[in-house]
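Residues per chain, in single letters:
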Amino acid sequence: MRTLFLQGPSYDGYDGGAGARYQSKREIRSFWYPTWLAQPAALVEGSKLIDAPPHRLGIDDVLPEVKTRDLVVLHTSTPSFSSDIRTAEAIRAAHPGVKIGLVGAKAMVDAQGCLAASPVIDFVAREEFDFTVKEIAEGRDFSAVKGISWRNRDGVIVHNDEREILEDMDALPFVSPVYKRDLVIENYFSGYLRHPYLSFYTGRGCKSRCTFCLWPQTIGGHRYRVRSVGHVVDELRWAKQAFPQVQEFFFDDDTLTDNAPRVEELAREIGKLGIMWSCNAKGNVSRETLKVMRDNGLRLLVVGYESGNQQILHNIKKGMRIEVARQFTKDCHDLGIQIHGTFILGLPGETRETIEETIRFATEINPHTIQVSLAAPYPGTHLYNQAIENGWLLDENMQLVSEHGVQAAAMNYPHLAHTEIFSSVEDFYRRFYLRAPKIASIVSEMVRSPQMMKRRLREGVEFFRFLRERKQAAA
């Protein structure tokens, strides 16, 4: 079947590609690659991938392509679901004969609800959906495809058997040729990565048990299944030649450093290619491993600190001790490895005092850049179940982002109102960035590089616009 993989149009700045984390508008314009859609697109011959938001495409831009296709596979999420249903209905109206399927964590968690939401949805693919979609694109009868829920001729919703988890990760083809074919990589930005950057996965799953993290609890699982080092390096070698403009490669595995011997082996092979790279990491990597990574091209680590309060880290099953994170951060500073630190406000156990503790912790350890998010109880996570059981949700039907894409404060505690949690994000950002040493560091960075000056000025405008939009959303 002639297949279109689609990240649908949405509000301006919608970062749908961040499927393994959360979907919303960022502090500065940021777009992650739609790797989870690109992967099955690489399996289906003659397919096409459209990632509408970063390419600023509306539904009228997408429909002409839809009319040439037999099958549309649409990535959806809890925040984007209502918009994605409207997109699916517009597609069916324009092309009545096309089959439409949904993929993503929302489809995994609520297959029944996804199908019940609109009669235009023919199936949803649960679990890892790469080979599921491939079989559908080959024209197999829905009844014979594992891992889908679908509507039969009588309108009855049928849930097929689960699909086995993928063990041979080398069975998946490279995604970077799909990027080359269908995407404009200059449209993908990250505030902490060199531009343009390229990202993909070297493995799936995360052994950590963080209660808020969506995809390990729904699709990826808690076993870290990896591609062979040779397979990853072959793709890097291909991509380096295909994209000579790329300034940095990012490995989007939930925690690349979960397997220290493998990441050291991978780093040494990357070092032979002479490329700059970054990855997600847990704040417990040994100095020895960090040095191997640094010596072979590592520039930056994205580290989920989440909180500066030890009890909150216990509450969310982070498996991290504050003193270990402090030493790890010091080691990174000593070795010249930059850190983008991520923090979450409003997690179970949060108080005014713990928010203050986290802000002080962030300024003390001083990562190069930070991201401050609100606790997001996504359906399918332990955090969501806790919120339901304890009455912490402000509204069980509340959207996790506003209609303009600003993340909403969904958690509300008897001792700490959602409005306080929401406003503390801005306070966190201001107190972290508007310090004399941090301002001096940013100015120094800008003075040394005209390109960086242009970029930081643009990001500054976007950041303060973001803060204004947050105030409007709270009004």
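Preceding this paragraph is the structure being described.
Residues numbered from 1 in each chain as written. Predicted model: local features only at pLDDT ≥ 70, side-chain atom pairs only at ≥ 80, totals over all residues. Heavy atoms only, no water.

Caption draft 1: Representation of helix H9 (residues 229-242) in the model. With 14 residues, H9 extends 20 Å between its outermost C-alpha atoms, agreeing within 8% with the 20 Å of an ideal straight helix rising 1.5 Å per residue. Against helix H7 (176-182), strand S8 (197-200), strand S11 (248-251) and helix H10 (260-273) lie the buried residues of H9. (Helix = DSSP H or I, 4+ residues; strand = E, 2+ residues; numbered from the N terminus. Expected span 1.5 Å × (residues − 1). Contact = heavy atoms within 4.5 Å.)

Caption draft 2: Representation of a nonpolar patch on the surface within the structure. Together, Leu434, Ile439, Val443, Val447, Met453, Leu457 and Phe464 line one region of the surface with nonpolar side chains, adding up to about 620 Å² of accessible area. Elements with a contribution of two residues or more to the nonpolar patch: helix H17 (436-448) and helix H18 (450-474). Take leucine 434: it is sitting in the loop between helix H16 (418-433) and H17. The exposed category is assigned to leucine 434, whose relative accessible area is 52%. (Patch = residues over 30% accessible without salt bridge, like charges linked within 9 Å, V, L, I, M, F, W, Y side chains within 5 Å. Areas by Shrake-Rupley, 256 points an atom, 1.4 Å probe, with all protein chains shown as cover. Salt bridge = Lys/Arg side-chain N within 4 Å of Asp/Glu carboxyl O. Buried < 20%, exposed > 50% of the residue type's maximum accessible area, 1.4 Å probe, protein only.)

Caption draft 3: Summary view of empty space enclosed by the protein. Per the counting criterion, the structure on display carries 7 cavities of 30 Å³ or more. Considering only enclosed or pocket space, the second largest cavity measures out at about 130 Å³ in volume. Looking at the second largest cavity, it is lined by 15 residues, and the ones nearest its centre are Gln39, Leu172, Tyr201, Arg204 and Arg227. Only helix H1 (35-43) and strand S9 (203-204) provide two or more residues apiece to the lining of the second largest cavity. At 3 residues, the largest contribution of residues to the lining of the second largest cavity is made by H1. The residue inventory of the lining of the second largest cavity, partitioned by class, reads 8 nonpolar, 4 polar and 3 charged. (1 Å grid on protein atoms, 1.4 Å probe; cavity = no way out; pocket = protein on both sides within 12 Å on 5 of 7 lines; lining within 4 Å. Points joined across faces, edges and corners; volume = space filled by probe spheres on them. Nonpolar A, V, L, I, M, F, W, Y, C, P; charged D, E, K, R; others polar.)

Caption draft 4: Broad picture of the sheet that holds strand S7 (residues 157-159). Strand order in the open sheet formed by 7 strands is S2-S1-S3-S4-S5-S6-S7, and the pairing between neighbours is mixed. Here the strands that pair on one side only, and so sit at the sheet edges, are strand S2 (48-51) and S7. Put simply, the sheet's adjacent strands are angled 20 degrees from each other on average, direction ignored. In the sheet, strand S4 (residues 99-103) pairs with strand S5 (residues 123-125) via 2 bridges, with the strands oriented parallel. By the bridge assignment, leucine 102 is partnered in S5 with valine 124. Here H1 sits on the sheet and contacts strand S1 (3-7), S2, strand S3 (71-75) and S4; the angle it forms with S1, its principal contact strand, is near 175 degrees. (Pairing = 2+ DSSP bridges. Axes fitted to C-alpha atoms, helices over the stretch in contact; angles between N-to-C directions.)

Caption draft 5: Broad picture of the pattern of salt bridges. If you walk through the whole model with that rule in mind, you get 34 salt bridges. For aspartate 182, the salt bridge is made with arginine 181, and the minimal N-O distance between the two is 2.7 Å. Judged by its relative accessible area of 15%, aspartate 182 is buried. Several salt bridges share partner residues, and in doing so they unite Lys134, Glu135, Glu138, Arg140 and Arg163 into one network.

Caption draft 6: Expanded view of the nonpolar core. Among the nonpolar cores identified, the biggest contains 121 residues, and Trp277 and Leu301 are the most heavily contacted of them. When residues of this core are assigned to their parent elements, the largest contribution, 7 residues, is made by H16. The residues touching leucine 301, leaving out its near neighbours within four places in the chain, are Cys279, Ala281, Leu290, Met293, Phe328, Cys332, Ile337, Gln338, Ile339 and His340. (Core = buried A, V, L, I, M, F, W, Y, C linked by side-chain atoms within 4.5 Å.)

Caption draft 7: Quick peek at the side chain of arginine 163. If you trace the backbone, arginine 163 turns up in the loop between S7 and H7. The exposure class of arginine 163 is buried, given its relative accessible area of 16%. One polar contact links arginine 163 to glutamate 135, side chain to side chain, over a distance of 2.9 Å. Look past the residues within four positions of arginine 163 in its chain and what remains in contact with it is Glu127, Glu128, Phe131, Thr132, Glu135, Val145, Lys146 and Gly147. (Polar contact = N/O pair within 3.5 Å; in protein donor to acceptor, adjacent residues only side chain to side chain.)

Caption draft 8: Region of interest: the pairing of S1. Taking burial as the measure, the 5 residues of S1 include 5 buried ones, the bulk of the element. Residues Thr3, Phe5 and Gln7 line one face of S1 and the alternating positions Leu4 and Leu6 line the opposite face, and both faces are buried. As paired elements, S1 and S3 share 5 bridges and run parallel to each other. Looking at the pairing, glutamine 7 lines up with histidine 75 of S3. As defined by bridge partners, S1 adjoins S2 across 4 bridges and the pair is classed as parallel. Note on S2: the bridge partner recorded for leucine 4 is lysine 48.

Caption draft 9: Fine view of the packing of aromatic side chains. Scanning the model with the defined rule gives 20 aromatic pairs in all. Between tyrosine 33 and tyrosine 197, the ring centres sit 5.3 Å apart and the planes meet at 85 degrees, which makes this aromatic pair edge-to-face. Of this pair, tyrosine 33 sits in the loop between S1 and H1 while tyrosine 197 sits in strand S8, and the two are 164 residues apart along the sequence. Take tyrosine 33: its relative accessible area is 1%, and that puts it in the buried class. Linked through ring pairs, Trp32, Tyr33, Tyr179, Tyr188, Tyr192, Tyr197 and Phe250 together constitute an aromatic cluster. (Phe/Tyr/Trp six-rings, centres within 6.5 Å; stacked < 30°, edge-to-face > 60°.)

Caption draft 10: Molecular detail of the sheet that holds strand S14 (residues 338-345). One open sheet holds the 6 strands; their spatial order is S8-S11-S12-S13-S14-S15, and the pairing between them is parallel. Two strands in the sheet have a free side with no partner beyond their single neighbour: S8 and strand S15 (369-374). Strand-to-strand twist of the sheet, defined as the mean angle between neighbouring strand axes without regard to direction, takes the value 20 degrees. Both S11 and strand S12 (residues 277-281) contribute to a ladder of 3 bridges, which runs parallel.

Caption draft 11: Main features of the environment of isoleucine 121. Inspection of the secondary structure assignment puts isoleucine 121 in the loop between helix H5 (111-117) and S5. Spatially, the C-alpha atom of isoleucine 121 lies 11 Å from that of valine 103, the residues being 18 residues apart in sequence. Once residues lying within four places of it in the same chain are set aside, the contact partners of isoleucine 121 are Ile85, Ala88, Ile100, Leu102, Cys114, Leu115 and Arg151.

Caption draft 12: Highlighting the pairing of S11. Covered by surrounding structure in S11 are Glu248 and Phe250 together with Phe249 and Phe251, the residues of both alternating faces. Note: S8 against S11, 4 bridges, orientation parallel. Within S11, the residue paired with tyrosine 197 across the bridge is glutamate 248. Handedness of the β-α-β unit built from S11, H10 and S12 comes out right-handed. (Right-handed = clockwise from strand over helix to strand, strands pointing away.)

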